[in-house]
Amino acid sequence: AALEHGYIASLIEIEDRARQLVLRAVEAEQRLSDLEGSKGVVGLRNKNRYCDAQRDLVACVAKLNSVANCCRKGRDDLGCDILDGAFAALSPSLSSQELGTDRSA
């Protein structure tokens, strides 16, 4: 009985740690969505706060990717520069400052 109890307790702990990672990602996405509001990325006033929220969400997704891959091929070394590149590729007519992705500030 003690062995089963220890095993179940370990499973519960693993599930709790996994849930915390997902909850952090959900909270980061909510903060980003709150900042975007109805104005979208271009209308943001506080770009530094928006970039920080983007950075947090990217870090959460990278962490989820690294721990979710059971073959140890997950990555957590990709940062917001990947997101900036995606924005640039999708919207070549908008500058990084208009998109709120200028990290130089």
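Right above here is the structure, for reference.
Described in the following lines is the structure provided in the data block. (Residues numbered from 1 in each chain as written. Predicted model: local features only at pLDDT ≥ 70, side-chain atom pairs only at ≥ 80, totals over all residues. Heavy atoms only, no water.)

Structural notes on the overall build of the protein chain
Logical step 1: Counting its regular elements, the protein chain contains four helices and zero strands.
Logical step 2: Secondary structure elements of the protein chain occur, N-terminal to C-terminal, as α-α-α-α.
Logical step 3: Counting across all 105 residues of the protein chain, residues that qualify as buried make up 18%.
Logical step 4: Taking as baseline every contact in the protein chain between residues at least 6 positions apart, the subset at least 24 positions apart corresponds to 53%.
Logical step 5: For the protein chain, the accessible area works out to roughly 7600 Å², and carbon and sulfur atoms hold 57% of it. (Helix = DSSP H or I, 4+ residues; strand = E, 2+ residues; numbered from the N terminus. Buried < 20%, exposed > 50% of the residue type's maximum accessible area, 1.4 Å probe, protein only. Contact = heavy atoms within 4.5 Å. Areas by Shrake-Rupley, 256 points an atom, 1.4 Å probe, with all protein chains shown as cover.)

Brief notes about the nonpolar core
Logical step 1: Core analysis: the biggest nonpolar cluster contains eight residues, these being A25, A28, L32, L35, Y50, A53, L57 and C60.
Logical step 2: Those elements giving two or more residues to this core turn out to be α1 (2-36) and α2 (47-68). (Core = buried A, V, L, I, M, F, W, Y, C linked by side-chain atoms within 4.5 Å.)

Focus: a nonpolar patch on the surface
Logical step 1: A contiguous nonpolar patch, built from Y7, I8, L11, I12 and I14 and spanning about 500 Å² of accessible area, is present on the exposed surface.
Logical step 2: Within the element layout of this structure, Y7 appears in helix α1.
Logical step 3: Given a relative accessible area of 53%, Y7 falls into the exposed group. (Patch = residues over 30% accessible without salt bridge, like charges linked within 9 Å, V, L, I, M, F, W, Y side chains within 5 Å. Salt bridge = Lys/Arg side-chain N within 4 Å of Asp/Glu carboxyl O.)

Some details on the packing of α2 against helix α3 (residues 80-90)
Helix packing for two helices is described by the angle between their axes and how far apart those axes are.
Logical step 1: Where α2 contacts α3, the two axes come as close as 9 Å, and the packing angle between them is 110 degrees. In terms of orientation, α2 lies roughly perpendicular with respect to α3. At the point where α2 passes α3, the crossing takes the right-handed sense. Contacts from Q54, R55 and V58 in α2 reach C80, L83 and F87 in α3.
Logical step 2: Across the contact of α2 with α3, the residue classes break down as four nonpolar, one polar and one charged. (Axes fitted to C-alpha atoms, helices over the stretch in contact; angles between N-to-C directions. Parallel < 35°, antiparallel > 145°, perpendicular 65-115°, else oblique. Left-handed = near helix turned anticlockwise from the far one by under 90°. Nonpolar A, V, L, I, M, F, W, Y, C, P; charged D, E, K, R; others polar.)

With respect to α1
Logical step 1: Taking 1.5 Å as the rise per residue, α1 with 35 residues should run 51 Å; its terminal C-alpha atoms sit 51 Å apart, in good agreement.
Logical step 2: Turning to α1, the residues buried within the fold contact α2.
Logical step 3: Directly beyond the C-terminal end of α1, a positive phi value near 50 degrees is found at G37. (Expected span 1.5 Å × (residues − 1).)

Topic: the pattern of salt bridges
Logical step 1: Applying the stated rule across the entire model yields five salt bridges.
Logical step 2: A salt bridge links R17 to E13; the shortest N-O distance between them is 3.3 Å. Of the two residues, R17 and E13 both sit in helix α1, four residues apart, roughly one turn of that helix.
Logical step 3: You can call E13 partly exposed: its relative accessible area is 47%.
Logical step 4: Through salt bridges that share partners, E15, D16 and R19 make up one connected network.

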